[in-house]
Amino acid sequence: MAWWKLHKRDKPGSASGAGGAVLASASIITRDQVRSVVGKGQEWQGQAWDFYRSVSELKSGIRWAANGCSRARLYIGRIDPDGSSKPTPVDAQDEDLSPDLVAQLLAPLEELAGGQLGQSEMLRRLSVHLDIPGESYLVGFDDPTSGERRWLVCSPSEVTSTGGGGTIRVQLPDSQAARIELSLDECTLIRLWRPDDEYAYLPDSPLNGLQDPLRELQGLTAHVLATVDSRLQGAGLGLISDDVTPASPQQSDGANPIHSDPVTAALIEAASASLRNRDSAAALVPLLLRVPGSVEDKFKWFSFATELDEQVLPLREAAIKRLAIGLDMPPEVLTGLADTNHWNAWIISDDSIKLHLEPKLGLICDALTSQYFRAAWEALGVPDPENWACWYDTSDLKQRPNRGPEGAEAHARGAISDAAYLRAIGFSPEDMPDAEEQRRRLLMQIATTNPQLAPAALKALGVHLPDIGQAAVTDAVRAPVEISRAAPAVEVPTRTEPPALPIAASAVLDDGWRMACLDLAARRALARAGNWLLSRAGRARRGELSHVPVHQVHMHVSTDQTDLDAILDDAYREFHAATPDQADLHAAVDLYVRRLLLTGIAHERGLLAGHLAEAGCDRAAA
């Protein structure tokens, strides 16, 4: 037996015998309910459909909400025990789920409405039905011709009960004559509705309380159209005195004249000509008739047009505003965003999803979970089906802010995963490099940043290395680390105590002005680097670092090695001018600053002195 047919099973302790809990927003229609529910439409529902077809503003608003719902994506997730967050998708579970369990959880979703494409149209149509008549029917059955499972979203007008309540007649979307009779024992019939606030078993919709504004809008529109048509029925009537011209009225020729009275015939002909063709001269030139008259009244002109009331358009705008306020959507959808700035427009767009679309999607998902998915999961043997639910994802609808800088900082500190970081910058987990690519990148980074491990990394990458002796000589010439100045040979006395640490060189360097110059040069270079890093950080990040001295920004913002040349460009101009012909000293200070930027260590005079001592520059600086 197909799992969707198991909705008909009676469960122990069921008061209604329909199986499962019956919510106020969805229920399985059984034999006992079909005659009292199906086909029992209310008068306001028929009027709502009439308004939907005749009022263009209403149709536009209803379709706006339906199109928004159609862009949501349904997924299966585990319910949060404390209810503080939405269900976590199956493919994002922390624990390892067996492939069989994942397949069982996703099978009913993949079958529903033919998959994701069919579910988009299903959500769109459900949204229209919930906004107009306030209820809809989801019908699942095996197609008798193809034998495939078929799901239909039907309005209350498309489902009727027949055969004493045991069968239903469904209007198929193929054609007007395409109908099918289904036994309730061989199909699934789920009713979804917006519950009325007073009687929850009755459907409700926003249009239930908007009949007056809609009728007002219809009447004002009809009045405007009638006024416009009256202004197009000729250019009026012109009377000419006998003293001016003996004009003769137009007469109808033929055996069947338009009218026996030639004046009436001329009026009818002029009015019909202007309505048939609005470019006709009859719409601009008045009809001329001859009447007795005095000399002072030679010409008179009478207009048959109705003047357009100045209050009509403001009244119609007021009716549209009442309609916009009453519908389940932001009023600005119908009235426009002309009076709002871009910040308010963004807030309106975000609120329209949270306060209007998501509650409707939640109603639909709750109905599908309780009346379809859990019974299907129970039939498939899913353990604890009440812990899982069908939910919606509206990420494609939301205008996501730029969370790249915050995501990069959190990822660097280990606060979020790689997948979360990719989502923050607009990529998907499928874009992550595989294990082999990550290994290759790590080896390349080691080869370019660590001279001691570079040979092993290059060998692992498959790079052929030259003779080791020649490579050592070449590296010694090229590497800036090895740039040093040979000290004159001095006799080193024999010492029994441990050798002094390199930081001891600060005792000599601190005594002269040259050490102060080197300290200032390093601080200025770090300050230039700090300004560069702040300019690349986001506004929020700059606010967080406002209390940090600019030469210590590198301790809080990571630096990429590829950016070092751009960061330190022209950072030593004054230093080089003050210490000419000291290339080795310049290289040593630059290497020291680069190391601080990459490691995030604070600058200290002792560290600088030790670095210069290692580089052989202590005597030059003394």
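Predicted model, so just to flag it, every value in this text is computed and none were measured.

Q: What is the right way to look at unusual backbone geometry in this model?
A: Note: most residues except glycine have negative phi, and most peptide bonds are trans. You will see that aspartate 384, though not glycine, has its phi angle at about 55°, which is positive. The residue aspartate 384 is located in the loop between α10 (342-380) and β13 (388-393) in this model. The class of aspartate 384 is partly exposed, set by a relative accessible area of 44%. With a phi close to 60°, aspartate 581 is a non-glycine residue in the positive phi region. You can see aspartate 581 is positioned in the loop between α20 (573-578) and α21 (583-599).

Q: Explain the packing of aromatic side chains to me, please; I cannot follow it from the model alone.
A: Ring pairs (aromatic) are described by centroid distance and by the angle formed between their planes. Under the criterion given, the structure shown has seven aromatic pairs. Seen in terms of ring centroids, tyrosine 199 and tyrosine 201 are 5.9 Å apart; in terms of plane orientation they differ by 55°. Their pairing is tilted. Ring pairing ties together the aromatic residues Trp151, Tyr372, Phe373 and Trp377, which thus form one cluster. Lying over the aromatic face of tryptophan 193, arginine 191 brings its terminal NZ or CZ to 4.1 Å of the ring centre.

Q: Is there a simple way to explain the pattern of salt bridges in this structure?
A: Side chains that differ in sign of charge can pair as their charged atoms come close. For the structure on display, the rule yields 22 salt bridges. Here glutamate 135 and arginine 191 are joined by a salt bridge, their closest N and O atoms 2.9 Å apart. Placement of the pair is glutamate 135 in strand β4 (residues 135-142) and arginine 191 in strand β9 (residues 188-193), with a sequence separation of 56 residues. With relative accessibility at 6%, the residue arginine 191 sits in the buried group. In this structure, a network of salt bridges that share partners links the residues Asp131, Arg194, Asp328 and Lys360.

Q: Help me understand the environment of glutamine 104 in this model?
A: Take glutamine 104: it is sitting in helix α4 (residues 99-111). Given a relative accessible area of 25%, glutamine 104 falls into the partly exposed group. With 276 residues separating them in the primary sequence, glutamine 104 and leucine 380 have C-alpha atoms 6.5 Å apart. Dropping the residues within four chain positions of it, glutamine 104 is found in contact with Trp377, Leu380, Gly381 and Val382. At 3.4 Å, the side chain of glutamine 104 forms a polar contact with the backbone oxygen of leucine 380.

Q: Where do I start with the packing of helix α2 (residues 43-54) against helix α3 (residues 56-70) in this structure?
A: Think of two packed helices as two axes; the pair is described by the angle between the axes and how far apart they sit. Between α2 and α3, the shortest axis-to-axis distance is 5 Å and the interhelical angle comes to 100°. Looking at the two axes, α2 sits roughly perpendicular to α3. In this structure, α2 contributes Phe51, Tyr52 and Ser54 to the contact, and α3 contributes Ser56, Leu58, Lys59, Ile62 and Arg63. Here the residues of the contact of α2 with α3 are counted per class, giving four nonpolar, two polar and two charged.

Q: How do you make sense of the packing of α3 against helix α5 (residues 116-131) when you look at a structure like this?
A: Running from N to C, α3 and α5 cross one another at 145°; their axes reach a closest spacing of 7 Å. Crossing geometry of α3 relative to α5 is assigned as right-handed. Between α3, through Ile62, Ala65, Ala66, Asn67, Cys69 and Ser70, and α5, the contact on the second element is made entirely by Ser120, Leu123, Arg124, Ser127, Val128 and Asp131. Residues belonging to the contact of α3 with α5 are distributed by class as follows: six nonpolar, four polar and two charged.

Q: Honestly, the side chain of threonine 162 in this entry has me stumped. Any pointers?
A: Here threonine 162 is to be found in strand β6 (residues 159-162). At 2.7 Å, the side chain of threonine 162 forms a polar contact with the side chain of threonine 167. Excluding its chain neighbours within four sequence positions, the residues that come into contact with threonine 162 are Thr167, Ile168, Arg169 and Glu181.

Q: Would you mind going over the nonpolar core with me for this structure?
A: It is characteristic of soluble globular proteins that their nonpolar side chains tend to be buried jointly. Counting 59 residues, the largest nonpolar core has Leu58, Leu112, Met122, Leu138 and Phe373 as the members making the most contacts within it. Dropping the residues within four chain positions of it, leucine 138 is found in contact with Leu112, Met122, Trp151, Leu152, Val153, Thr188, Leu189, Ile190, Leu192 and Leu368. Grouped together as the second largest cluster of nonpolar side chains are 32 residues, Ala525, Leu534, Leu596 and Ala615 included.

What counts, and where the lines are drawn
- Residues numbered from 1 in each chain as written.
- Predicted model: local features only at pLDDT ≥ 70, side-chain atom pairs only at ≥ 80, totals over all residues.
- Heavy atoms only, no water.
- Helix = DSSP H or I, 4+ residues; strand = E, 2+ residues; numbered from the N terminus.
- Buried < 20%, exposed > 50% of the residue type's maximum accessible area, 1.4 Å probe, protein only.
- Phe/Tyr/Trp six-rings, centres within 6.5 Å; stacked < 30°, edge-to-face > 60°.
- Lys NZ or Arg CZ within 6 Å of the ring centre and 35° of its normal.
- Salt bridge = Lys/Arg side-chain N within 4 Å of Asp/Glu carboxyl O.
- Contact = heavy atoms within 4.5 Å.
- Polar contact = N/O pair within 3.5 Å; in protein donor to acceptor, adjacent residues only side chain to side chain.
- Axes fitted to C-alpha atoms, helices over the stretch in contact; angles between N-to-C directions.
- Parallel < 35°, antiparallel > 145°, perpendicular 65-115°, else oblique.
- Nonpolar A, V, L, I, M, F, W, Y, C, P; charged D, E, K, R; others polar.
- Left-handed = near helix turned anticlockwise from the far one by under 90°.
- Core = buried A, V, L, I, M, F, W, Y, C linked by side-chain atoms within 4.5 Å.

By themselves, these are just geometric observations and shouldn't be taken as functional.
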